[in-house]
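Geometric and topological summary
This is what each chain is made of:
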Amino acid sequence: MRSSQGSFSRGEVRKLDELLYSVTYTGYDYAEAERFFCENPPPAARCSAVSKGSLLGRNYDWAIGDKADFVVSTPARNGLHATLGVSSSLIPSPVVDSGEPSQLYAYVPFMTMDGVNDAGFACCVNGITVSDRGKTESSNPGKERMSMGMVVRYLLDHAGSVHEAVELLSEKDVHSLPSGHMDGFEMHFMLMDGIGSAVVEFIGGRTCVTYGVRIMSNFHLSGVSRRKDLKPHSHGIERFRVLSDGYADVKDKDGMFVLMRAAWYSRTYDRSTVPFWYSEFYIDYTRKGEGDFTVGTEAEEWMEARIDRAIARFAGKGVVDMWHTGHCSVYDISELTLDLIPNETGRRHSFRLDDRNRRPSPPRTREGPADCTCRRERMLINSRPPSRVHGDD
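An account of the accompanying structure is given in this report. In this text, all values refer to a predicted model and were calculated from it rather than measured experimentally. Numbers given to residues run from 1 along each chain, matching the order in which its sequence is written. Only residues with pLDDT of 70 or above have their local features reported here, since the model is predicted, and side-chain atom pairs are shown and tallied only from 80 upward, although totals for entire chains, interfaces and linings are computed over all residues. Derived side-chain values reflect all non-hydrogen atoms in the structure, with water molecules and hydrogen atoms excluded from consideration.

1. Here's the deal with the overall build of the protein
Runs of E in the DSSP output that reach at least two residues are strands. Runs of H or I that reach at least four are helices, and both are numbered from the N terminus. Secondary structure assignment for the protein yields seven helices and 20 strands. Relative accessibility decides the category of a residue: with a 1.4 Å probe and only protein chains considered, values under 20% of the type maximum give buried, values over 50% give exposed, and everything between is partly exposed. Every one of the 393 residues in the protein was classed for burial, and the buried ones make up 58%. Each accessible area is a Shrake-Rupley result for a 1.4 Å probe, and residues are judged covered by the shown protein chains and nothing else. Surface exposure of the protein reaches about 15600 Å², of which carbon and sulfur atoms provide 47%.

Next up, the structure:
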């Protein structure tokens, strides 16, 4: 069965697991998605990402709820790459299970949070704290506007390498979530190919590219090399430390899953979670006060009280306004595969880009962008991340 509604065309939605589905799209409308996300901004999810060799590991962290995850595949067509990725946090699972049509399906491809294409290029999006730097209203005035929420889909469709992805972004005016929507957060992106990886951030109206980054959580990496460079409310420090400490042990997909699950949130944010991610929770997303930055693992009284208030606020509603890891993805850009474990069941699912859907890709080049608004930062993390990022200096 195929469904074609207005500006999109998709295949049958198949249920794979609790809150997990698969679907193939053969058409969707960028202009319509831009209009939609300007009025209905996507979530700035927290998340963690790690690249090593041909592997990209990623945890998708977001508030507990019933939104469906879709494994989305698209064939090569009209000059676009074939892609495989995971789209999240748009359609409630009961709506999907009902089989009823929904216009929200038009935007599922654009909510792709991580993915790989037939050129062996992969990318993902993480949330980032921006209380100190302000939100990105425009990265490149005068160019075609594009919501940050659409960047992963755009790059998977069009980019064959990290270098090409950076050039493509230099030709777009990327903008953040509208004012008033999670004002303390927006997004940054990890890109990787067979040559290396980079993180793209939008700061002060500029597109900043930090090459050689291997680990990304939820604080700016541009201009950061030591703990003293971090801001008092930097977000995701604990997970960054855990991922750094276990990075050298990753040898294969199974090892990447072990590493990523070490930084996996408890489903209910249980106080027994080790380590206890207490600096990861915010009532006020713009708050800069005491307690927003810590690398300890002991729960403090202010955090215990904050958790109690949040639980009481949602008592009887079936949800807790706290983070959990919705799924863990591991991509292999040499094999063009995705392995995924949803939190709800812990079962592992495997996917591969169909050979028939791929298109030939031009050879990659090591040259950086020759003429763009991006600036090259010095490498933050080598093949083994340094401990100095969370040291005392």
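2. Remarks on unusual backbone geometry
Phi angles above zero are rare outside glycine, and asparagine 78 is one such case at about 50°. Following the sequence through the fold, asparagine 78 ends up in the loop between strand 7 (69–74) and strand 8 (83–87). The phi dihedral of leucine 336 falls on the positive side, at around 55°, and the residue is not glycine. Here leucine 336 lies in the loop between strand 17 (323–332) and strand 18 (337–342). Judged by its relative accessible area of 6%, leucine 336 falls in the buried class.

3. Some thoughts on helix 1 (residues 30–39)
All buried positions along helix 1 are accounted for by Glu32, Ala33, Glu34, Phe36 and Phe37. Every residue pair with non-hydrogen atoms within 4.5 Å of one another is taken to be in contact. Of the surrounding elements, those touching the buried residues of helix 1 are strand 11 (144–147) and strand 12 (172–175). Polar contacts here mean pairs of N or O atoms no more than 3.5 Å apart (in protein, one a potential hydrogen donor and the other a potential acceptor; neighbouring residues in sequence count only if both atoms are side-chain atoms). Of the residues flanking the start of helix 1, the one acting as N-cap is aspartate 29, its side-chain oxygen 2.8 Å from the backbone nitrogen of alanine 31.

4. Section: the packing of helix 3 (residues 151–158) against helix 4 (residues 162–169)
The angle between two axes is taken between their N-to-C directions and runs from 0 to 180 degrees, where each axis is a line fitted to C-alpha atoms and a helix contributes only its stretch in contact. Packing of helix 3 against helix 4 leaves a shortest axis separation of 10 Å and a crossing angle of 125°. Our classification of the angle between helix 3 and helix 4 gives oblique. Judged by the twist between their axes, the crossing of helix 3 over helix 4 is right-handed. When helix 3 is examined against helix 4, the residues Val151, Tyr154, Leu155 and His158 are found in contact with a partner set consisting of Glu164, Ala165, Leu168 and Leu169. Amino acids are sorted into nonpolar (Ala, Val, Leu, Ile, Met, Phe, Trp, Tyr, Cys and Pro), charged (Asp, Glu, Lys and Arg) and polar (every other residue, Gly among them). Grouping the amino acids of the contact of helix 3 with helix 4 by side-chain chemistry returns six nonpolar, one polar and one charged. Angles are sorted into four bins: roughly parallel if under 35 degrees, roughly antiparallel if over 145, roughly perpendicular if 65 to 115, and oblique for all others. Two helices cross in a left-handed way if the nearer one is turned anticlockwise from the farther one by less than a right angle. They cross in a right-handed way if the turn is clockwise.

5. Considerations on the pattern of salt bridges
By definition here, a salt bridge exists when the distance from a side-chain nitrogen of Lys or Arg to a carboxyl oxygen of Asp or Glu is within 4 Å. On inspection of all chains with the given rule, the structure shows eleven salt bridges. A salt bridge links lysine 253 to glutamate 335, with the shortest nitrogen-to-oxygen separation between them at 3.1 Å. Of this pair, lysine 253 sits in helix 6 (residues 253–262) while glutamate 335 sits in the loop between strand 17 and strand 18, and the two are 82 residues apart along the sequence. Accessibility expressed as a relative area gives 35% for glutamate 335, which makes it partly exposed.

6. Focus on the environment of arginine 46
Checked against the element boundaries, arginine 46 lands in the loop between helix 1 and strand 5 (48–52). Its relative accessible area of 0% is what places arginine 46 among the buried residues. Through-space distance from the C-alpha of arginine 46 to that of glycine 127 is 4.6 Å; in sequence the pair is 81 residues apart.

7. Section: the packing of helix 5 (residues 237–246) against helix 6
Between helix 5 and helix 6, the shortest axis-to-axis distance is 9 Å and the interhelical angle comes to 150°. As summarised for this structure, helix 5 and helix 6 are arranged roughly antiparallel, according to the angle between their axes. Relative to helix 6, the crossing made by helix 5 is right-handed. Contact residues: Val242, Leu243 and Gly246 in helix 5; Leu259, Met260 and Ala262 in helix 6. Across the contact of helix 5 with helix 6, the residue classes break down as five nonpolar, one polar and no charged.

8. Some remarks on the pairing of strand 19 (residues 349–352)
Only one face of strand 19 is buried, namely the one carrying His349 and Phe351, since none of Ser350 and Arg352 on the opposite face is buried. Pairing between strands requires that DSSP locate at least two bridges from one strand to the other. Counting the residues between successive antiparallel strands, the hairpin from strand 18 to strand 19 contains six residues, one of them, glycine 346, with a positive phi of roughly 75°.

9. Quick look at the pairing of strand 4 (residues 20–27)
Looking along a regular strand, one sees side chains alternate from face to face of the sheet. By the criterion of burial, strand 4 is predominantly enclosed, with six of the eight residues buried. Pairing between strand 2 (residues 8–11) and strand 4: two bridges, direction antiparallel. Paired with serine 9 across the bridge in strand 4 is glycine 27. The sheet contact formed by strand 3 (residues 14–17) and strand 4 spans three bridges and is antiparallel. Bridging from a neighbouring strand, arginine 14 pairs with serine 22 of strand 4.

10. Section: the nonpolar core
Each nonpolar core is a collection of buried residues, namely Ala, Val, Leu, Ile, Met, Phe, Trp, Tyr and Cys, held together in the definition by side-chain atoms within 4.5 Å. Ranked by size, the top nonpolar core spans 50 residues in total, and within it Phe70, Phe121, Leu155, Phe189 and Leu191 carry the most contacts. Discounting residues that sit within four places of it in the chain, phenylalanine 70 has contacts with Val13, Tyr21, Val23, Gly85, Val86, Ser87, Ile91, Val96, Tyr105 and Val108. By size, the runner-up hydrophobic cluster in this structure holds 42 residues, among which are Val71, Ala82, Ile237 and Val250.

11. Digging into helix 6
The set of residues buried in helix 6 consists of Lys253, Gly255, Met256, Phe257, Leu259 and Met260. Backbone nitrogen of aspartate 254 and a side-chain oxygen of the N-cap are separated by 3.3 Å at the start of helix 6; the cap is aspartate 252.

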